[in-house]
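# Close look at the chain arrangement
Below are the chains, spelled out letter by letter.
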Amino acid sequence: MTAKGGATPSPGGLSGLANGRFFTVGLVTAWYSSNIGVLLLNKYLLSNYGFKYPIFLTMCHMSACALLSYAAIAWLRVVPMQLVRSRVQLAKIATLSLVFCGSVVSGNVSLRYLPVSFNQAVGATTPFFTAVFAYIMTVKRESWITYLTLVPVVTGVIIASGGEPSFHLFGFIMCIGATAARALKTVLQGILLSSEGEKLNSMNLLLYMAPIAVILLLPATIFMEDNVVGITIELAKKDFTIVWLLLFNSCLAYFVNLTNFLVTKHTSALTLQVLGNAKGAVAVVVSILIFRNPVSVTGMLGYTLTVIGVILYSESKKRNKP
């Protein structure tokens, strides 16, 4: 007993607490590494390496997500398997998958034309599109302060666009489309899978969405990226590295979803949101160091303003939670 009558923490308890912290730090590190890693590797493949097939690359990602999701849930039992209960629920999941495909493909296309730093700046406007879609589709109004915090989010991107040395209009449109589709998926998921009988955790949702995404992407790949399989085989004959890059990149795409789920499970959705805000800034710095893309003071000021707006938005949402 201590002098104040309190029990002294046992060495085992302190050890367990330390191990728990190390585990959480390890998870966050893995989440950061996989998120930034897949982003940079996508950029390298689509822009620097010259593998100009974003739809096929997305299909590789979804194929890996389908296979690894089944292995993680059915064999490793990372989470209990949740079954699809009806055709209506399956149709809702297919709708989400279509929007998800649009988001990932558009994001990958934008990486062919834009540097990762600017891509992240535009991607930071997700809260703006989420608020817009939530208002249009659910007539859900936020407080006036929450809407006010979106002003620096949008203003920052406008400033960053004007000061971006590598600005590309088509890439910018694709990046805006990817960001809007990502926000739309979030809102749709809340509407379509809102009842208790239809709710799926993110890992089970990915298990059903990924195979549907592959089916949707296959005809798009065949018609829009002619003979991509044959071209990839020819590339592999000259340099087998492309095979390892595609495999590693696809597995990393699944690992992003897995670590995203685990970090949320072992911390909170709010912690993930805060970490996500910081991740964008880290990705910008790392990408500039690796790819040496030119940046302007105006562009960095614009991106900083956007990040500040996102942080204020998150804080406002937290304080106005019922």
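Everything that follows concerns the structure shown earlier in this document.
The rules behind these values
- Residues numbered from 1 in each chain as written.
- Predicted model: local features only at pLDDT ≥ 70, side-chain atom pairs only at ≥ 80, totals over all residues.
- Heavy atoms only, no water.
- Disulfide = S-S within 2.5 Å.
- Buried < 20%, exposed > 50% of the residue type's maximum accessible area, 1.4 Å probe, protein only.
- Helix = DSSP H or I, 4+ residues; strand = E, 2+ residues; numbered from the N terminus.
- Arc of directions from axis to C-beta.
- Phe/Tyr/Trp six-rings, centres within 6.5 Å; stacked < 30°, edge-to-face > 60°.
- Patch = residues over 30% accessible without salt bridge, like charges linked within 9 Å, V, L, I, M, F, W, Y side chains within 5 Å.
- Areas by Shrake-Rupley, 256 points an atom, 1.4 Å probe, with all protein chains shown as cover.
- Salt bridge = Lys/Arg side-chain N within 4 Å of Asp/Glu carboxyl O.
- Axes fitted to C-alpha atoms, helices over the stretch in contact; angles between N-to-C directions.
- Parallel < 35°, antiparallel > 145°, perpendicular 65-115°, else oblique.
- Left-handed = near helix turned anticlockwise from the far one by under 90°.
- Expected span 1.5 Å × (residues − 1).
- Polar contact = N/O pair within 3.5 Å; in protein donor to acceptor, adjacent residues only side chain to side chain.
- Contact = heavy atoms within 4.5 Å.
- Nonpolar A, V, L, I, M, F, W, Y, C, P; charged D, E, K, R; others polar.

### Topic: the state of the cysteines
Under the counting rule described, the total for this entry stands at 0 disulfides. No disulfide involves Cys 101; its sulfur sits 11 Å from the nearest other cysteine sulfur, which is in Cys 65. No disulfide involves Cys 251; its sulfur sits 9.3 Å from that of Cys 65, the nearest cysteine.

### Points about helix α9 (residues 228-238)
Of all the residues in α9, the buried ones are Val 228, Thr 232 and Ala 236. Looking down the long axis of α9, one finds its buried residues gathered within 80° of arc, a one-sided arrangement. Exposed residues pointing more than 90 degrees away from the buried face of α9 are listed as Lys 237 and Lys 238.

### Things to note about the packing of aromatic side chains
A complete count under the given rule lists 11 aromatic pairs for this structure. Between Trp 31 and Tyr 32, the ring centres sit 5.5 Å apart and the planes meet at 70°, which makes this aromatic pair edge-to-face. No difference in accessibility class separates Trp 31 from Tyr 32, as the two residues are buried. Between Phe 128 and Phe 129 the ring centres are 5.3 Å apart and the planes differ by 75°, which places this aromatic pair in the edge-to-face class. Note on Phe 128: relative accessible area 29%, which makes it partly exposed. Owing to a relative accessible area of 15%, Phe 129 belongs among the buried residues under this scheme.

### Thoughts on a nonpolar patch on the surface
A contiguous nonpolar surface patch, about 680 Å² in accessible area, is contributed by Tyr 70, Trp 75, Leu 76, Val 78, Met 81 and Leu 83. Structurally, Trp 75 is set in helix α2 (residues 54-75). Trp 75 sits in the exposed class, given a relative accessible area of 65%.

### Topic: the packing of helix α3 (residues 87-113) against helix α7 (residues 169-192)
Packing of α3 against α7 leaves a shortest axis separation of 7 Å and a crossing angle of 160°. It follows that α3 is roughly antiparallel to α7 by the angle criterion. By crossing handedness, the relation of α3 to α7 is classed as left-handed.

### Description of helix α12 (residues 297-319)
Compared with an ideal rise of 1.5 Å per residue, which puts 23 residues at 33 Å, α12 spans 33 Å between its outermost C-alpha atoms and is within 8% of the ideal. Taken together, the buried positions of α12 are Gly 299, Gly 302, Tyr 303, Thr 306, Val 307, Gly 309, Val 310, Tyr 313, Ser 314 and Ser 316.

### A closer look at the pattern of salt bridges
Pairing between side chains of opposite charge can happen when their charged atoms approach one another. In the structure shown here, the tally under the stated rule is 2 salt bridges. Note that Lys 92 is salt-bridged to Glu 198, the shortest N-O span being 3.0 Å. Here the residue Lys 92 occupies a position in helix α3, and Glu 198 occupies one in the loop between α7 and α8 (202-224), the gap between them amounting to 106 residues. Two residues, Glu 234 and Lys 237, come together in a salt bridge whose shortest N-O distance is 3.5 Å. Taken together, the residues Glu 234 and Lys 237, both in helix α9 and 3 residues apart, mark about one turn of the helix. Here Glu 234 falls in the partly exposed class, since its relative accessible area comes to 41%.

### Some points on the side chain of Ser 97
Along the chain, Ser 97 falls in helix α3. A polar side-chain atom of Ser 97 sits 2.9 Å from the main-chain carbonyl oxygen of Met 209. Excluding residues that lie within four positions of it along the chain, Ser 97 makes contacts with Met 209, Ile 212, Ala 213 and Leu 216.

### What to know about the packing of α9 against helix α10 (residues 241-266)
It is at 7 Å that the axes of α9 and α10 come closest, and there the two elements cross at 120°. One finds that α9 runs oblique with respect to α10. For the pair α9 and α10, the contacting residues are Thr 232, Leu 235 and Ala 236 in the first and Ile 242, Val 243 and Leu 246 in the second. When the residues that make up the contact of α9 with α10 are grouped by side-chain class, the tally is 5 nonpolar, 1 polar and no charged.

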